[in-house]
Amino acid sequence: LYTGGNLGNVLGIGTTTINNSTVSESVYGGGNQATIGNKTDQSIVSNLTIENSNIKDVYGGGNSAGVNGSTNVLINASNISGNVYGAGNGLNSIVVNDVTGELNPAVVTGNTNLEIKGNTIIANSIYGGGNLGFVYGDTNVVIDNITISENLYGGGNAAHVLGNVHLNLSNCKVLKNIYAGGNGINATVGKDTNLNIVGSSVDDSIYGGGNAAKVLG
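A few points on the structure. (Residues numbered from 1 in each chain as written. Predicted model: local features only at pLDDT ≥ 70, side-chain atom pairs only at ≥ 80, totals over all residues. Heavy atoms only, no water.)

What follows is about the packing of aromatic side chains. Applying the stated rule across the entire model yields 7 aromatic pairs. A centroid spacing of 4.8 Å and a plane angle of 5 degrees characterise the contact between Y59 and Y85, whose relative ring orientation is stacked. Placement of Y59 in strand β6 (residues 58-59) and of Y85 in strand β9 (residues 84-85) is noted, with a sequence separation of 26 residues between them. Using a relative accessible area of 6% as the deciding quantity, one classes Y59 as buried. Judged by centre distance (4.7 Å) and plane angle (0 degrees), the rings of Y127 and Y153 are stacked. Linking Y127 in strand β12 (residues 126-127) with Y153 in strand β15 (residues 152-153), this pair joins segments that are 26 residues apart in sequence. (Phe/Tyr/Trp six-rings, centres within 6.5 Å; stacked < 30°, edge-to-face > 60°. Helix = DSSP H or I, 4+ residues; strand = E, 2+ residues; numbered from the N terminus. Buried < 20%, exposed > 50% of the residue type's maximum accessible area, 1.4 Å probe, protein only.)

Here we have 7 strands laid out as an open sheet, ordered β1-β4-β7-β10-β13-β16-β19, and parallel in their pairing. Edge positions in the sheet fall to β1 (14-19) and β19 (193-198), since each of these pairs with one other strand and no more. Across the sheet, the mean angle from the axis of one strand to that of its neighbour is 5 degrees, orientation sign disregarded. As paired strands, strand β10 (residues 112-117) and strand β13 (residues 139-144) are joined by 5 bridges and run parallel to one another. By the bridge assignment for β13, N113 is matched with N140. (Pairing = 2+ DSSP bridges. Axes fitted to C-alpha atoms, helices over the stretch in contact; angles between N-to-C directions.)

Turning next to the side chain of D138. Structurally, D138 is set in the loop between β12 and β13. Summary of buried charges: D138 has no salt-bridge partner, and the nearest side chain of opposite charge, K191, is 5.8 Å away. The residues touching D138, leaving out its near neighbours within four places in the chain, are G110, N111, T112, G163, N164 and H166. (Lys, Arg positive; Asp, Glu negative; His and termini not counted. Salt bridge = Lys/Arg side-chain N within 4 Å of Asp/Glu carboxyl O. Contact = heavy atoms within 4.5 Å.)

Close approach of charged atoms allows side chains with opposite charge to pair. This model, assessed by the stated rule, comprises 3 salt bridges. In this structure, E115 engages K117 in a salt bridge whose closest nitrogen and oxygen atoms are separated by 3.9 Å. Given a relative accessible area of 34%, E115 falls into the partly exposed group. According to the relative accessible area criterion, K117 is partly exposed, its value standing at 31%. Between K176 and E150 there is a salt bridge, and its shortest N-O distance comes to 3.0 Å. Within this pair, whereas K176 is found in the loop between β17 (173-174) and β18 (178-179), its partner E150 is found in the loop between β14 (147-148) and β15, the two being separated by 26 residues in sequence.

In structure tokens, the structure reads:
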């Protein structure tokens, strides 16, 4: 399910709401090989809301496609059987000899805003950034009263965040680790990480930085 188009760009704002539904594959806040938004600032151009639903993976951005602006994702009282990413999926658009991943089209040029609450269960991990897709701005993650079976990352998976990371969790259960930064050597955070934890349990470790990933701030 895509908020944007298939091989056809959307220049305006995309909004998708999923309620009391089951989606057996991934849900995207962007398009499939098609950009969404035309902003040169950090205005929100993609809004994705999921409530009382069962979803595989969730991406705030597009599949092999950029978001020209910021993304906004809200997940409430739902079950996610895979991972959640605040930005896009660049797994299928890797550019040959692009060591850093900066040429991958699955970018978010603004910020990512990710809120998850309401007894939501995440079977795998949460990333404030993208899956092999850059975020040019900040990642903002707010989670309350959820369970994460794997890890929580404020940054991306093998994908840079050029701005700051803001990661806030309250009343949550994390069954493995928390990393304020990203995952992997290509998951650098360009500025600062900010981590705030209230009333939560973490079974393994908590790191203010990343997992084999630099924080340059």
